[in-house]
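# A structural walkthrough
The lines below spell out each chain.
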Amino acid sequence: MKKQLSILGGATLLATTGLGLYLSERIMHMARKDEQFVFDREVHAKRLDPLSFETLPKQEMWIPSPFGYNIKAIFVRPYPEEKKYMIFCHGVTENKINSIKYMNIFIERGYNAIIYDHRRHGASGGKTTSYGYYEKHDLKAVVDYLLSVEGENVFFGIHGESMGAATTLLYAGSLEDRANFYIVDCPFSDFRELLAYQISCEIKLPGKWLLPLANLFIKFRDGYSLKNVSPINVIENIKKPILFVHSEKDDYILPGMTKALFEKKKGGKMLYLAINGVHAQSFNENREDYERTVDEFLMKYVKDKGFSKQNA
């Protein structure tokens, strides 16, 4: 009997360890899209004009991360005399090329831009993805670099999509509310809640049962707790205005997460729920409404800071 119990205990430990490694591996090393694939996809969808992008005045930069690797960024300066910038944070599995479609909105409205690759994405260094925990410090490094180049009086906003949106909120809510405004497209409100939902969908078991195991292995392997990746816990610290965007049909990050963030945000805010599209497709499937909403937000909250639409 003791031998049987010992074998059973060993098998249980092995199975638990295997499951913990599987869950943490999926979280830390989600498969990324190739940069050429993203480029070709955006060109095919007519969201990227290679010739127009090529002719824009720009400069490639390597920005040091506080974690010892370099962040690949591109500064786009069609208005070199203007100290107005937008910084763009892409979603998980994507890279800076995916940000160009959003960048174009703001270039048309008189902004210079910075697009960059998150850690472990595109050309940037870094070995793991942390869904905003480490990425928020890299975003601060990009902001600090901008301020060192353009001076403390630069006017800038930050746009984030999906993980990039969560990163934006975590940066502003837990590090510094330094930007003049934020646009967050399909953010999650709490990473544990998102994981529980996605685990339940993927392996048909109650995800909340597996969160302690996933958290244990993430803490051991990547040095942070899942509870610290929770934009809704820091949203009240953000005083600057935020435009929240989400597709009503999103079944990857449920729109209720953005609604919860919107409700908890104090001060200037707007909410746009796109009718068409699933996850991260609000712009792609509702382009005119998306741009109109951005204009309404900028006119309401940014007009006294130099808003101008170049092609109005």
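Residues numbered from 1 in each chain as written. Predicted model: local features only at pLDDT ≥ 70, side-chain atom pairs only at ≥ 80, totals over all residues. Heavy atoms only, no water.

Under an unreviewed UniProt entry, the protein has the name Alpha/beta hydrolase and belongs to Heyndrickxia vini.

Here the structure, examined in full by the defined rule, presents 19 aromatic pairs. An angle of 15° between the planes, with centres 4.9 Å apart, marks the rings of Tyr133 and Tyr224 as stacked. In this pair, Tyr133 sits in the loop between β4 (112-116) and α5 (135-150) while Tyr224 sits in the loop between α8 (207-222) and β7 (242-247), placing the two residues 91 residues apart along the sequence. For the ring pair Phe283 and Tyr290, a centre distance of 5.4 Å and an interplane angle of 85° mean the geometry is edge-to-face. With respect to burial, Phe283 and Tyr290 carry one shared label: buried. Put simply, the rings of Phe88, Phe106, Tyr111, Phe155, Phe181, Phe297 and Tyr301 touch in pairs and so form one group of aromatic residues. Positioned over the ring face of Phe67 is Arg119, at 5.9 Å from the centre of the ring. (Phe/Tyr/Trp six-rings, centres within 6.5 Å; stacked < 30°, edge-to-face > 60°. Helix = DSSP H or I, 4+ residues; strand = E, 2+ residues; numbered from the N terminus. Buried < 20%, exposed > 50% of the residue type's maximum accessible area, 1.4 Å probe, protein only. Lys NZ or Arg CZ within 6 Å of the ring centre and 35° of its normal.)

Unusually for a residue other than glycine, Lys46 sits at a positive phi of about 65°. In this fold, Lys46 is placed in the loop between α2 (35-44) and α3 (50-55). Using a relative accessible area of 71% as the deciding quantity, one classes Lys46 as exposed. Phi is positive for Cys186, close to 55°, though the residue is something other than glycine. Looking at the element boundaries, Cys186 is found in the loop between β6 (181-185) and α7 (191-203).

With respect to the helices and strands, the residue Lys136 is situated in helix α5. For Lys136, the residues in contact, after removing those within four places along its chain, are Thr167, Leu170, Tyr171, Ser174 and Leu175. (Contact = heavy atoms within 4.5 Å.)

For the rest of this paragraph, the subject is the nonpolar core. The biggest cluster of nonpolar side chains holds 34 residues, and the ones touching the most others in it are Ile87, Phe156 and Ile158. It is α5 that contributes the most residues to this core, 6 residues altogether. Once you skip the residues sitting within four places of it in the chain, Ile158 turns out to touch Met86, Ile87, Cys89, Leu139, Val143, Thr168, Tyr171, Ala179, Phe181, Tyr182 and Ile183. The next biggest cluster of nonpolar side chains, apart from the first, holds 33 residues, and it includes Leu56, Ile74, Met103 and Phe297. (Core = buried A, V, L, I, M, F, W, Y, C linked by side-chain atoms within 4.5 Å.)

Under the feature "domain: Serine aminopeptidase S33" (unreviewed entry), the UniProt entry names residues 81-193. When the span residues 81-193 is considered, its composition is 35% helix and 20% strand, and the gap between its end C-alpha atoms is 45 Å. (UniProt positions renumbered as here; feature names shortened; annotations may be inferred.)

What follows concerns the pattern of salt bridges. Oppositely charged side chains may form a pair once their charged atoms are brought near each other. The tally for this structure, following the rule as stated, stands at 18 salt bridges. Residues Glu25 and Arg221 are paired through a salt bridge, measuring 2.9 Å at the closest nitrogen-oxygen approach. You can see Glu25 sitting in helix α1 (residues 2-28) and its partner Arg221 sitting in helix α8, a full 196 residues away along the chain. By relative accessible area, which is 34% here, Glu25 ends up partly exposed. Across the pair Glu35 and Lys96 runs a salt bridge whose closest N-O atoms are separated by 3.6 Å. One end of the pair, Glu35, is in helix α2; the other, Lys96, is in the loop between β3 (84-89) and α4 (100-107), with 61 residues separating them in the sequence. Given a relative accessible area of 30%, Glu35 falls into the partly exposed group. The class for Lys96 is buried, based on a relative accessible area of 3%. The network of salt bridges with shared partners includes Lys33, Arg41, Glu42, Arg47, Glu94 and Lys101. (Salt bridge = Lys/Arg side-chain N within 4 Å of Asp/Glu carboxyl O.)

A word on the sheet that holds strand β1 (residues 58-64). Strands sit in the order β1-β2-β4-β3-β5-β6-β7-β8 across an open sheet of 8 strands; the sheet is mixed. Two strands in the sheet have a free side with no partner beyond their single neighbour: β1 and β8 (269-274). Here the strands of the sheet are splayed against their neighbours by 20° on average, with no regard to which way each runs. The pairing of strand β2 (residues 70-76) with β4 spans 4 bridges and is antiparallel. When the sheet's bridge partners are listed, Ala73 is paired in β4 with Tyr116. Of the strands in this sheet, β1, β2, β3, β4 and β5 (155-161) are in contact with α5, which crosses β3 at around 160°. (Pairing = 2+ DSSP bridges. Axes fitted to C-alpha atoms, helices over the stretch in contact; angles between N-to-C directions.)

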